[in-house]
Amino acid sequence: MNAMKYKGYTARINFDAEDKILVGKVLDIEDIIVFHAESVHEFEAAFHTAIDDYIAACEKLQQKPEKPASGRLMLRVNPQIHAAAIRKAAHEGQSLNKWAERVLEKASRP
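Residues numbered from 1 in each chain as written. Predicted model: local features only at pLDDT ≥ 70, side-chain atom pairs only at ≥ 80, totals over all residues. Heavy atoms only, no water.

1. A word on the pairing of strand S3 (residues 21-26)
Sheet topology places strand S2 (residues 9-16) next to S3; 6 bridges connect them, and they run antiparallel. Following the sheet pairing, Phe 15 is matched in S3 by Leu 22. Connecting S2 to the next strand, S3, in antiparallel fashion are 4 residues, including Lys 20 with a positive phi near 55 degrees. Relative to strand S4 (residues 34-37), S3 runs antiparallel, the two being bridged by 4 bridges. Across the sheet, Val 23 pairs through a bridge with His 36, a residue of S4. (Pairing = 2+ DSSP bridges. Helix = DSSP H or I, 4+ residues; strand = E, 2+ residues; numbered from the N terminus.)

Okay, here's the thing in structure tokens:
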């Protein structure tokens, strides 16, 4: 994937052949941030400006800017629940991480 990172945000780079521009979209957040440019150098500047403007707008609205999830999750649970989860994951032939990911994915579906 063609992508660029800035301040923890990742933007996908697509080329619009009809308009002959680079189009960017920030990934992994619900808010929609899009921008475009005619060169890679301009694309990078537009991406930085879009993120800086997004953060400033959130501050002005007294909202926290949405941040992409890192994929790391630290939980503190009752030791008996932890032990039971380890046993269940092993019984299903999975690591605790893979088992928990599957359980969380299933539980988070609408």
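2. Some words on the nonpolar core
Judged by nonpolar contacts, the single largest core of 17 residues is most densely connected at Tyr 9, Val 26, Ile 33, Phe 35, Phe 47 and Ile 51. Elements that contribute at least two residues to this core include exactly strand S1 (3-6), S2, S3, S4 and helix H1 (40-60). Per-element accounting of this core gives the leading share, 7 residues, to H1. Dropping the residues within four chain positions of it, Phe 35 is found in contact with Ala 11, Leu 22, Val 23, Gly 24, Lys 25, Val 26, Phe 43, Ala 46, Phe 47 and Ala 50. (Core = buried A, V, L, I, M, F, W, Y, C linked by side-chain atoms within 4.5 Å. Buried < 20%, exposed > 50% of the residue type's maximum accessible area, 1.4 Å probe, protein only. Contact = heavy atoms within 4.5 Å.)

3. Here we look at the packing of aromatic side chains
Summed over the entire model, instances satisfying the criterion amount to 4 aromatic pairs. Ring geometry for Tyr 6 versus Phe 47: centroids 6.1 Å apart, planes at 65 degrees, classification edge-to-face. Of this pair, Tyr 6 sits in strand S1 while Phe 47 sits in helix H1, and the two are 41 residues apart along the sequence. No difference in accessibility class separates Tyr 6 from Phe 47, as the two residues are buried. (Phe/Tyr/Trp six-rings, centres within 6.5 Å; stacked < 30°, edge-to-face > 60°.)

4. Things to note about helix H2 (residues 79-91)
For H2, with 13 residues, the first-to-last C-alpha span of 18 Å sits near the 18 Å given by 1.5 Å per residue. At the N-terminal end of H2, a side-chain oxygen is found 2.7 Å from the backbone nitrogen of Gln 80, two or three residues along, and the residue is Asn 78. Where H2 ends, the next residue or the one after it, Gly 93, has phi of about 70 degrees, a positive value. (Expected span 1.5 Å × (residues − 1). Polar contact = N/O pair within 3.5 Å; in protein donor to acceptor, adjacent residues only side chain to side chain.)

5. Description of a nonpolar patch on the surface
On the surface, Leu 73, Leu 75, Val 77, Ile 81 and Leu 104 cluster together to form a nonpolar patch covering roughly 500 Å² of accessible area. Position of Ile 81 among the secondary structure elements: in helix H2. (Patch = residues over 30% accessible without salt bridge, like charges linked within 9 Å, V, L, I, M, F, W, Y side chains within 5 Å. Areas by Shrake-Rupley, 256 points an atom, 1.4 Å probe, with all protein chains shown as cover. Salt bridge = Lys/Arg side-chain N within 4 Å of Asp/Glu carboxyl O.)

6. Some points on the environment of Tyr 54
Mapped onto the secondary structure, Tyr 54 falls in helix H1. The class for Tyr 54 is buried, based on a relative accessible area of 11%. With 11 residues separating them in the primary sequence, Tyr 54 and Pro 65 have C-alpha atoms 7.4 Å apart. Tyr 54 has contacts with Tyr 9, Ile 29, Asp 31, Ile 33, Pro 65 and Glu 66, leaving out every residue within four places of it along the chain.

7. Some thoughts on the environment of Lys 7
Relative to the elements of secondary structure, Lys 7 occurs in the loop between S1 and S2. Along the sequence, Lys 7 and Lys 67 sit 60 residues apart, while their C-alpha atoms lie 9.5 Å from each other.

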